[in-house]
Amino acid sequence: MDIDLFLAIAHHLAVFALVGIFAAEFVLLRPGMAGPGIRQLGRIDAAYGGVAALVIIVGIFRVIFGASGWEYYVGNLAFWAKMAAFLVMGLLTIPPTLAIRRWQKGLESDAGYVPPVADIAASRQFIHLQAVVLLLIPIFAAAMARGYGS
């Protein structure tokens, strides 16, 4: 198998895993969460960060070693729009991640801890915004793959 095919497969699998993990977090983050739900959400959130890092690393390798060559990417506006959307998604993950960490600490000190409803609502808003931005990424990717933005 050539390197371009391997990197494309790895990148797509990592992206699909990221979307799946995002969907799990979207579903799990809801009012009334208690101990087991908070712990599970913490693990899911950690996996989300790890898989996002994998998407970035494989993506960088794909830009450098892929068949299109790095020159194609750096001069392509659709690529930069996709990178901007991914960055915005990443920034939108920060408040929910910080909230989840606070909830885990609250659970450590009080086994009956339940996150405040307002905190959950705020975190859900950030996740809904992430979902909107996530829709842009495959749009920009499809445009880039067809030569738009060059």
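Q: Hey, could you run me through the environment of G147 in this one?
A: Turning to its location among the elements, G147 is positioned in the segment after α5 (117-145). Among the residues examined, G147 registers a relative accessible area of 37% and is labelled partly exposed. As for G147 and N76, which are separated by 71 residues in sequence, their C-alpha atoms are 8.2 Å apart.

Q: Please clarify how the side chain of T93 should be interpreted in this entry.
A: In this structure, T93 sits in helix α4 (residues 77-109). The class for T93 is buried, based on a relative accessible area of 17%. Of note is the side chain of T93, whose polar atom sits 2.5 Å from the backbone oxygen of G90. Apart from the residues lying within four places of it in its own chain, the contact partners of T93 are Y48 and Q130.

Q: Can you walk me through the packing of helix α2 (residues 35-65) against α4 in this structure?
A: The axes of two packed helices give the description: the angle between them and the distance between them. Closest axis-to-axis distance for the α2/α4 pair is 10 Å, and the angle between their directions is 155°. Relative to α4, α2 is oriented roughly antiparallel. Relative to α4, α2 is oriented so that their crossing is left-handed. Judged by residue contacts, G35, I38, R39, L41, G42, D45, A46, Y48, A52, V55, I56 and V63 of α2 engage F79, F86, M89, T93, T97, I100, R101, W103, Q104 and L107 from α4. For the contact of α2 with α4, a count of residues per class yields 14 nonpolar, five polar and three charged.

What counts and how
- Residues numbered from 1 in each chain as written.
- Predicted model: local features only at pLDDT ≥ 70, side-chain atom pairs only at ≥ 80, totals over all residues.
- Heavy atoms only, no water.
- Helix = DSSP H or I, 4+ residues; strand = E, 2+ residues; numbered from the N terminus.
- Buried < 20%, exposed > 50% of the residue type's maximum accessible area, 1.4 Å probe, protein only.
- Polar contact = N/O pair within 3.5 Å; in protein donor to acceptor, adjacent residues only side chain to side chain.
- Contact = heavy atoms within 4.5 Å.
- Axes fitted to C-alpha atoms, helices over the stretch in contact; angles between N-to-C directions.
- Parallel < 35°, antiparallel > 145°, perpendicular 65-115°, else oblique.
- Left-handed = near helix turned anticlockwise from the far one by under 90°.
- Nonpolar A, V, L, I, M, F, W, Y, C, P; charged D, E, K, R; others polar.

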